[in-house]
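Listed below, chain by chain, are the residues.
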Amino acid sequence: MTTPDSIRTAANRYGSLLQICCLQSPISYSLARPVHAHMIASGFQPRGHILNRLIDIYSKSSKLNYARYLFDEIPQPDIVARTTLIAAYSAAGDLKLSRKIFSDTPLGMRDSVFYNAMITAYSHNHDGHAAIELFCDMQRDNFRPDNYTFTSVLGALALVAEKEKHCQQLHCAVVKSGTGFVTSVLNALISSYVKCAASPSAQSSSLMAEARKLFDEMPNRDELSWTTIITGYVKNNDLDAAKEFLNGTSKKLGVAWNAMISGYAHRGLYLEAFEMFRKMIMSKIQLDEFTFTSVISVCANAGCFRLGKEMHAYFLKTVANPAPDVAMPVNNALITFYWKCGKVDIAQEIFNKMPERDLVSWNIILSGYVNVRCMDEAKSFFNEMPEKNILSWIIMISGLAQIGFAEEALKFFNRMKLQGFEPCDYAFAGAIISCSVLGSLKHGRQLHAQVVRYGYESSLSAGNALITMYARCGVVDAAHCLFINMPCVDAISWNAMIAALGQHGQGLVKEGRKYFDSMHNVYGVNPDEEHYARIIDLLCRAGKFSEAKEVMESMPFEPGAPIWEALLAGCRIHGNIDLGIEAAERLFELKPQHDGTYVLLSNMYAVAGQWNDMAKVRKLMRDRGVKKEPGCSWIEVENKVHSFLVGDANHPEVRQIYNYLEQLVLEMRKIGYVPDTKYVLHDVESDLKEHELSTHSEKLAVAYGFMKLPHGATVRVFKNLRICGDCHNAFKFMSKVVGREIIVRDGKRFHHFRDGKCSCGDYW
């Protein structure tokens, strides 16, 4: 016979057993199931705290289906059961179900702990805005925030803080609530100030000072307090202050030491990073996977192959049988190290021997193949990957775009979307760069519209790619408009804009100088060698060699190869042989195997008729074993690419092409075309010079386009080297005679020939 006393006794016994299940390791959670089964078999009807304890145990053991079944069986679940399930769904990353339980709970049943659970759910799942909004709702609903509330909401603020007022508002709320002396709350507040100070949108310089003031005034500091302030200074690039704090504590803060190593590495201070690692060992600070990955990454970036191998050996020696969560990130760092040092075979060997791999491991090997331009291997590896994420696609799209396989990059971009991956700003950047390579303005504009639709118009990577695309397609006004409207610009943005102005010839030198000068004077960005190369290129193409020399003399470093290359290119255009010789001689010292220097100098001599000097340069080239990259032009007709070399005799329709060109030149002569034989780089008779000009690869490709493409269709030709001067002039006449637009993308820029004119303004 069941009596109240017997029910009470059974409830106490089951409660005690379940308490044991809660206190033990996760393995003992499985013991709760037989206890639960015994309840059912004995006819015991659990209520109240027994049901809540079962829900809690099943939630913590990731048996959410059991927990939810019990919850749904309760006619009126209490606030404890609801709070438990919100936390469980949050831990599983299911914010939607967490929020549903929260929203379905009547206001009269809620308490502060209940709100804390939902705020924490948002914070842990990186939805800072939703957490802050719920905190405001909590106050409007007259629920009093406690320590845990502020710790959670400040953690959420750290995810999204961009303005000083956001931190100040919550700081005031903390003070008013009386929790301003609680260590966990103050740690979270310091973290918010630190994260806000590091935000690109932050404008105030007082944020780190406020964090420091809070730290100094803390009544009690724990290890997290020290770690937060030290890592905060590291994130805000004040490594001296971080080091001062680290030296000022006797606590062995492994996280802070790791942050210092990472901070030095990020600034390129590799020796300081290695010294910090040495001191870490001497101080007997516990090394972890973050230590090893940071130091191995320093070795990779600094190109210290021997030291990196020693780190590999040290890890194997000091960490016996590492746990998977330790071994995997270290192995991933080692793979990156070896492929960056050109040892792709060793990287692949480490990958093959890894007992466990994650998606990061696969992506690193994929990046290795792409970076050494082994695209066939990369594509094969990509197809073998058991799973892919958006980064996998970005690696392939960007890699293909950067080495000139633009059409294939766009095909990957479309495949990515077809397979259900939503493109991010980096994926768009790779696709847009592909449009730059192809000169596909129409497709580039379509991608620009998609960038806006997806909400990436403020993205630096997408914005920089769009500037380059518009500039290389001849729409410099659109590039300029994008640049001035970008909410944030970086060095790449400046490079892209200066290059855009340089690509579009005379009349924009003043603007280019204005942008260059404003980098430091207005925006505080110090120009690097690439920026100087861009402005010197701009000045030299305009023939302003004295100004270019002044800029070179003002540089805070010795001019490198990019500077001299820009100077030599300008000298070739304007026939400045003396200065061109000086630039070439410096390039012979810096890059003795680069064919472009020899070719440009010999071409300058040829144009000036100095054939003996040209022959000397060609002989020097042969003696040094330098081979000239052959000029090649290609055109796509009916989904097939047709390639042409100078004097091509291999194309199956080459005879018809030459006949067509011969008739076309006759028509061009009637309206004023005269072959410019100074571009023939051999000392031969005049009629032979004219014949040689007619066999240039770009002329053959354009003529084939006229012959094969539909009447009126734009002819698009690509050339690996700079377009010949006579060909440039001839295409202006061709566009007028045939009545078509001709677009030629050479090694430097796009040329749009229409009605006898070129978009470059003859500033090729």
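Residues numbered from 1 in each chain as written. Predicted model: local features only at pLDDT ≥ 70, side-chain atom pairs only at ≥ 80, totals over all residues. Heavy atoms only, no water.

Q: How would you summarise the overall build of the protein chain if you had to cite specific residues and measurements?
A: When helices and strands are tallied, the protein chain shows 40 helices and six strands. Of the contacts made within the protein chain by residues no fewer than 6 positions apart, 62% connect residues no fewer than 24 positions apart. (Helix = DSSP H or I, 4+ residues; strand = E, 2+ residues; numbered from the N terminus. Contact = heavy atoms within 4.5 Å.)

Q: Summarise the UniProt feature "repeat: PPR" (unreviewed entry) in the protein chain; cite the residues concerned and give the values.
A: Taking the UniProt record as the reference, the feature "repeat: PPR" (unreviewed entry) is found at residues 111–145, 253–287, 358–388, 389–423 and 528–562. Along residues 111–145, the helical share is 74% and the strand share 0%, with 10 Å between the first and last C-alpha atoms. Note that residues 358–388 is 74% helix and 0% strand, and that its end C-alpha atoms are spaced 11 Å apart. (UniProt positions renumbered as here; feature names shortened; annotations may be inferred.)

Q: Mind laying out the packing of helix α33 (residues 561–574) against helix α34 (residues 577–590), listing which residues take part and the relevant values?
A: Helix packing geometry: the angle between the two helix axes and the distance between the axes. One way to put it is that α33 packs onto α34 with a least axis distance of 9 Å and a crossing angle of 150 degrees. Once α33 is placed against α34, the crossing between them reads as left-handed. Residues Ala561, Trp564, Glu565, Leu567, Leu568 and Cys571 of α33 form the contact with α34, whose participating residues are Leu579, Gly580, Glu582, Ala583, Ala584, Arg586, Leu587 and Leu590. (Axes fitted to C-alpha atoms, helices over the stretch in contact; angles between N-to-C directions. Left-handed = near helix turned anticlockwise from the far one by under 90°.)

Q: So what's going on with the packing of aromatic side chains? Residues and values would help.
A: If you walk through the whole model with that rule in mind, you get 32 aromatic pairs. Between Phe102 and Tyr115, the ring centres sit 5.3 Å apart and the planes meet at 80 degrees, which makes this aromatic pair edge-to-face. Linking Phe102 in helix α6 (residues 95–104) with Tyr115 in helix α7 (residues 112–124), this pair joins segments that are 13 residues apart in sequence. Judged by relative accessible area, which is 1%, Phe102 ranks as buried. For Tyr115, a relative accessible area of 0% puts it in the buried group. Both rings, one in Phe428 and one in Tyr454, keep their centres 5.5 Å apart while their planes meet at 55 degrees; by these two values the pair is tilted. Residue Phe428 is found in helix α25 (residues 425–438), and its partner Tyr454 is found in the loop between α26 (441–453) and α27 (460–472); the two are separated by 26 residues along the sequence. Classification of Tyr454 as partly exposed rests on a relative accessible area of 30%. Following the ring pairs from residue to residue traces out a cluster consisting of Phe102, Phe114, Tyr115 and Phe143. Taking NZ or CZ as reference, Arg221 lies 4.5 Å from the ring centre of Phe215, over its face. (Phe/Tyr/Trp six-rings, centres within 6.5 Å; stacked < 30°, edge-to-face > 60°. Buried < 20%, exposed > 50% of the residue type's maximum accessible area, 1.4 Å probe, protein only. Lys NZ or Arg CZ within 6 Å of the ring centre and 35° of its normal.)

Q: Could you give an account of the pairing of strand β3 (residues 715–719), naming the residues involved and the relevant values?
A: With four of five residues buried, β3 lies mostly within the body of the structure. Where β3 and strand β4 (residues 742–745) come together, four bridges link them in parallel fashion. In the sheet register, Arg716 faces β4, and the bridge partner there is Ile743. (Pairing = 2+ DSSP bridges.)

Q: I'd like to hear about unusual backbone geometry, residue by residue, with values.
A: A positive phi angle, near 65 degrees, is found at His126, a position not held by glycine. Examined against the element boundaries, His126 turns out to sit in the loop between α7 and α8 (128–140). Unlike most non-glycine residues, Asn142 shows phi in positive territory, near 65 degrees. Tracing the backbone through its elements, the reader meets Asn142 in the loop between α8 and α9 (147–160).

Q: Describe in detail the pairing of β4, supporting the description with residues and values.
A: What you see with β4 is no split at all: Ile742 and Val744 on one side and Ile743 and Arg745 on the other are buried throughout. As a crossover connection, the stretch from β3 through helix α40 (residues 725–738) into β4 is right-handed. Across four bridges, the pairing between β4 and strand β5 (residues 750–754) is antiparallel. Considered in β5, the bridge of Ile743 is made with His752. (Right-handed = clockwise from strand over helix to strand, strands pointing away.)

Q: Would you mind going over the packing of helix α12 (residues 207–217) against helix α13 (residues 223–235) in detail, with residue names and values included?
A: Close contact between α12 and α13 brings their axes to 11 Å; oriented N to C, the two are set at 160 degrees. In terms of axis orientation, α12 runs roughly antiparallel to α13. As α12 packs across α13, the resulting crossing turns out to be left-handed. Together, Met208, Ala211, Arg212 and Phe215 of α12 and Ser225, Trp226, Ile229, Gly232 and Tyr233 of α13 make up the contact between the two elements. Of the residues contributing to the contact of α12 with α13, the split by class is six nonpolar, two polar and one charged. (Parallel < 35°, antiparallel > 145°, perpendicular 65-115°, else oblique. Nonpolar A, V, L, I, M, F, W, Y, C, P; charged D, E, K, R; others polar.)

Q: If you had to explain the side chain of Gln348 to someone new, which residues and values would you point to?
A: Take Gln348: it is sitting in helix α20 (residues 344–353). Ignoring sequence-local partners within four residues, the contact set of Gln348 consists of Ile365 and Tyr369.

Q: Describe helix α10 (residues 164–177), and please don't skip the residues or the numbers.
A: Every α-helix carries 3.6 residues per turn, so stepping three or four residues along brings you back to the same face. With 14 residues, α10 should cover 20 Å at 1.5 Å per step; its first-to-last C-alpha distance of 20 Å lies within 8% of that length. In this structure, the buried residues of α10 make contact with α8, α9, α11 (183–198) and α12. (Expected span 1.5 Å × (residues − 1).)

Q: Which residues make up the pattern of salt bridges, and what are the values?
A: Enumeration according to the criterion identifies 17 salt bridges in this entry. Here Asp216 ties to Arg212 by a salt bridge, and the two come within 3.2 Å at their closest N and O atoms. Here Asp216 and its partner Arg212 are both found in helix α12, four residues apart, which amounts to about one turn of the helix. Judged by relative accessible area, Arg212 falls into the partly exposed class, the value being 27%. As a salt-bridge pair, Arg278 and Glu275 come within 2.5 Å of each other at their nearest N and O atoms. Here Arg278 and its partner Glu275 are both found in helix α16 (residues 270–282), three residues apart, which amounts to about one turn of the helix. Residue class for Arg278 comes out partly exposed when judged on its relative accessible area of 39%. (Salt bridge = Lys/Arg side-chain N within 4 Å of Asp/Glu carboxyl O.)

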